[in-house]
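Chain and residue survey
For reference, the chains in residue letters:
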Amino acid sequence: MAVTEIWLVRHGESTANVAAARAEAAGADVIEVDHRDADVPLSPLGEEQSRALGPELAERGVDDVPVALWVSPYLRAQQTIDIALRSGGLSEPPRRVDERLRDRELGVLDLLTRTGVQHLHPDEERRRQWLGKYYHRPAGGESWADVVLRLRSVLVDVDRLDGPERLLVAAHDAVVMLVVSTCLDLDEHALMDFAATHTVANASLTRLRRDAVGAPWTLEEFSAVEHLAEDADAEVTEHSGRKDDARVR
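Anyway, here's the lowdown on the structure attached to this text. (Residues numbered from 1 in each chain as written. Predicted model: local features only at pLDDT ≥ 70, side-chain atom pairs only at ≥ 80, totals over all residues. Heavy atoms only, no water.)

**Section: the overall build of the chain**
Just so we agree on the cut-off: Where helices and strands are cited, they refer to DSSP runs of H or I of at least four residues and of E of at least two residues respectively, numbered from the N terminus. Based on C-alpha atoms, the radius of gyration is set beside the globule rule, defined as 2.2 Å times the residue count to the power 0.38. For the exposure calls, accessible area comes from a 1.4 Å probe over protein chains only, and a residue counts as buried if that area is under 20% of its type's maximum, exposed if over 50%, partly exposed in between. Here, two residues are considered to be in contact whenever any of their heavy atoms come within 4.5 Å of each other. Method for areas: the Shrake-Rupley scheme with a 1.4 Å probe, in which residue coverage is limited to the protein chains shown.
A count of helical and extended segments in the chain gives nine helices and six strands. Computed over its C-alpha atoms, the radius of gyration of the chain comes to 18 Å, within 12% of the 18 Å expected for a compact globule of 249 residues. Dimensions of the chain, computed from C-alpha atoms along their principal axes, come out at roughly 50 × 40 × 30 Å. Considering the chain as a whole, with its 249 residues, one finds that 53% of them fall into the buried category. Sequence separation of at least 24 residues holds for 79% of the intrachain contacts in the chain that already meet a minimum separation of 6. Looking at the chain as shown, the accessible area adds up to about 11,000 Å², and 49% of this sits on carbon and sulfur atoms.

Dropping the structure here:
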């Protein structure tokens, strides 16, 4: 059997998400965090969101067919799926930790608010405004186009899987958005139009489906969060990282 469904989970709210929102609200240049990006943990709310996700996955029958689990190496993504599997009473599928599913790297813009970018790296801000978000690669970091390139190789590996019919992926907002855009074959302008009206919420579920290998993917559901809205302890948060949005020429 081949993979005919991809279920994409964004990690729950992280401590860095909280710190970034606090810094933006205060008009600060720098986001104060205690961990490198790979080691940033979930916030208490992120843990509650992850617990709410588990029963939702179980109710939807995530393991009704053979499942493979691919996870970002970053701590917040691994914590999210670990908590969700436990809370949903689900058996863990075969797990693959894949560095290609890591979050987008921002290079010199890492840990800066939008104001901080403008104050501390005005040349990067001008380049970003000129190139647009899709192609702007901050010094030492990645553009969205760079992330798409590594995700294309992930999707090639998906086509090679023999046995699992459903792939469960736990990763990050940029990964979810760009897997969707790659599967739907969106160009720069179509992607930016889509991203302008769609945000990947924390601990949300996005689903893609196809009939067979080589058949076109369809988007069945994007950033579903009903399981969070129904849980009194797990409010919906987005933390979209729009600090590096820019016009597209």
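**As for helix α2 (residues 44–59)**
The condition that has to hold: Expected helix span is computed as 1.5 Å times (number of residues minus one).
Its 16 residues place the ends of α2 24 Å apart at the C-alpha level, agreeing with the 22 Å of an ideal helix rising 1.5 Å per residue. Among the residues making up α2, those that are buried are L45, G46, Q49, S50, A52, L53, G54, E56 and L57. For α2, the elements touching its buried residues are β1 (5–10), α3 (75–87), β5 (205–209) and α9 (226–229). Looking at the residues trailing α2, positive phi occurs at G61, about 75 degrees.

**Topic: the pairing of strand β4 (residues 166–171)**
Worth spelling out the cut-off: Strand pairing follows a simple DSSP-based rule, namely that at least 2 bridges must link the two strands.
Within β4, six of the six residues are buried, leaving the element largely enclosed by the surrounding structure. Bridging between β1 and β4 involves six bridges; their strand directions are parallel. If you follow V9 over to β4, its bridge partner there is A170. The pairing of strand β2 (residues 67–71) with β4 spans five bridges and is classified as parallel.

**Here we look at the nonpolar core**
This is how the line gets drawn: As used in this record, nonpolar core signifies buried Ala, Val, Leu, Ile, Met, Phe, Trp, Tyr and Cys residues forming a set joined through side-chain atoms within 4.5 Å.
Formed by 35 residues in total, the largest nonpolar core has its most connected members in I6, W70 and W144. Apart from residues no more than four positions distant in its own chain, W70 is found in contact with R96, L101, V154, D157, V158, L161, L167, L168, V169 and A170. V67, A84, L168 and L205 belong to the second largest nonpolar core, which has 16 residues in total.

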